[in-house]
Every structure is written in C-alpha cells, then in structure tokens.
Amino acid sequence: MSKFNYKKLSNKDNGVFLRISSERAVFKAVGDWRKTKSGFIAVPVKIYAGVFKDFNGKKHTEGKGTLLLPGLIENYEDVMKALEDGEIIGVVCEKKEKDGKILYYLNMYTIIENPEDIEDFMNDDTNEEAKEDGED
C-alpha cells in the first residue's frame, strides 16, 4: 500500500494538445476553455479543416483535441464569445521560421456562420488587410 493518495486524471481533453500548423485552419470549441499556468488558452476543439500538430509532431486534420491558443486571445471579445458559444472559427496564420522550426502565428480570424462555407474559407486567397477588432 502506497503512502501517496493517487487520483486518476481525467481524459476529457482527449490527451492531445494541439497547435495550428497550416496557414488556414477551422475549428470550434466543444468544451469550456481554461487558462494554463504558462498563460495559454487551452480549449477542447473539433477540427473541421487545416493541419494541427500535437507536441510529438503528429499531424491531425480531423477529430478532437485541446488547442493551445495564445493568452492574448482573451482580449478579443468576439473570439472568446465564439469559443464559449461553440461557433465555428476560421483562422489565417502567418508562417515563420524560428530556431530552425516552421511555426504558424495567428494573424486574422473570422466567424464562419455556415459549415458549407468552410471549403470556401480554406480556398480564399484574400490578402487584404483585416479590420482591427471593433471596426466595422
């Protein structure tokens, strides 16, 4: 008998932590988000399109996992509301190389109201400037 009081860990996050690994990606929250000790927003998501990688380098293009978003996402009320309401979010990322690794940084986002528009979003090649949050 151990002197330690062990408790089982929940596997509600599907055990897979993901980061976006493509220039465009589409997902929706399927559970409550939380802030990690390192300041990221961890949110259980369903993947609709794009490439997501886990921290072992395995690519995911469908299914569920826990997406780690930068903590500054909290400053964007409509994104946080979309996460809380389970709306579909499309993101456009900027591809950069850092320390010999290819990383994708969030650059723009949009709320996709109709799931039939996901393919159009993924094929959209617009390069126009995005509006700042709060502009109409």
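Residues numbered from 1 in each chain as written. Predicted model: local features only at pLDDT ≥ 70, side-chain atom pairs only at ≥ 80, totals over all residues. Heavy atoms only, no water.

Undergrad: Mind showing me how you'd approach the overall build of the chain here?
TA: From N to C terminus, the chain includes two helices and nine strands. Listing the helices and strands of the chain from first to last along the sequence gives β-β-β-β-β-β-β-α-β-β-α. A separation threshold of at least 6 residues defines the contact pool for the chain, and within that pool the share at least 24 residues apart is 57%. In the form shown here, the chain has an accessible surface area of approximately 9800 Å², with 45% of it arising from carbon and sulfur atoms. (Helix = DSSP H or I, 4+ residues; strand = E, 2+ residues; numbered from the N terminus. Contact = heavy atoms within 4.5 Å. Areas by Shrake-Rupley, 256 points an atom, 1.4 Å probe, with all protein chains shown as cover.)

Undergrad: So what exactly am I meant to see when it comes to unusual backbone geometry here?
TA: Backbone geometry follows two general trends: most residues other than glycine have a negative phi, and most peptide bonds adopt the trans configuration. A positive phi angle, near 55 degrees, is found at D99, a position not held by glycine. Its place among the elements puts D99 in the loop between strand 8 (88-98) and strand 9 (101-112). You can call D99 exposed: its relative accessible area is 74%. (Buried < 20%, exposed > 50% of the residue type's maximum accessible area, 1.4 Å probe, protein only.)

Undergrad: How do you make sense of a negative patch on the surface when you look at a structure like this?
TA: Negative charge collects at one region of the surface, where E87, E113, E116, D117, E119, D120, D124 and D125 lie side by side. Mapped onto the fold, D124 is located in the segment after helix 2 (118-123). (Patch = residues over 30% accessible without salt bridge, like charges linked within 9 Å, V, L, I, M, F, W, Y side chains within 5 Å. Salt bridge = Lys/Arg side-chain N within 4 Å of Asp/Glu carboxyl O. Lys, Arg positive; Asp, Glu negative; His and termini not counted. Charge placed at Lys NZ, Arg CZ, Asp CG, Glu CD.)

Undergrad: I'm lost on the environment of K59 in this one. Help?
TA: With respect to the helices, strands and loops of the structure, K59 is situated in strand 6 (residues 59-60). Counting along the chain gives 38 residues from K59 to S21, while the straight-line C-alpha distance between them is 8.2 Å. Apart from residues no more than four positions distant in its own chain, K59 is found in contact with V51, F52 and K53.

Undergrad: What is the right way to look at the confidence of the model for the chain in this model?
TA: Low pLDDT marks stretches whose predicted atomic positions should not be read closely. Here the chain averages 84 in pLDDT, while 80% of its residues score no lower than 70. Below pLDDT 50 for its whole length, residues 6-14 participates in six contacts with residues either more than four positions away or in separate chains. (pLDDT = per-residue confidence, 0-100.)

Undergrad: Just to check I follow, could you spell out the nonpolar core for this structure?
TA: Considering soluble globular proteins, one finds that nonpolar side chains tend to be buried as a cluster. Among the nonpolar cores identified, the biggest contains 20 residues, and I20, F27, F52, L67 and L83 are the most heavily contacted of them. Where this core is concerned, the elements lending two or more residues are strand 1 (17-20), strand 2 (24-29), strand 4 (41-49), strand 7 (63-69), helix 1 (77-85) and strand 8. Beyond its immediate sequence surroundings of up to four residues, L83 is in contact with F27, A29, V43, L69 and I89. One finds V26, A49, V92 and I118 within the second-largest nonpolar core, a separate group that totals seven residues. (Core = buried A, V, L, I, M, F, W, Y, C linked by side-chain atoms within 4.5 Å.)

Undergrad: Explanation requested: the pattern of salt bridges in the structure shown.
TA: Oppositely charged side chains can form a pair if their charged atoms are brought close together. All chains considered together, the criterion is met by two salt bridges. Among the salt bridges present, the one from K35 reaches E74, with a minimum N-O distance of 2.6 Å. With a gap of 39 residues between them, K35 in strand 3 (residues 34-35) and E74 in the loop between strand 7 and helix 1 connect regions that are remote in the sequence. Look at E74 and you get partly exposed, because its relative accessible area is 32%. Residue K81 is joined to D85 by a salt bridge in which the shortest nitrogen-to-oxygen separation is 2.4 Å. Here D85 and K81 lie together in helix 1, a separation of four residues that amounts to about one turn. The partly exposed category is assigned to K81, whose relative accessible area is 48%.

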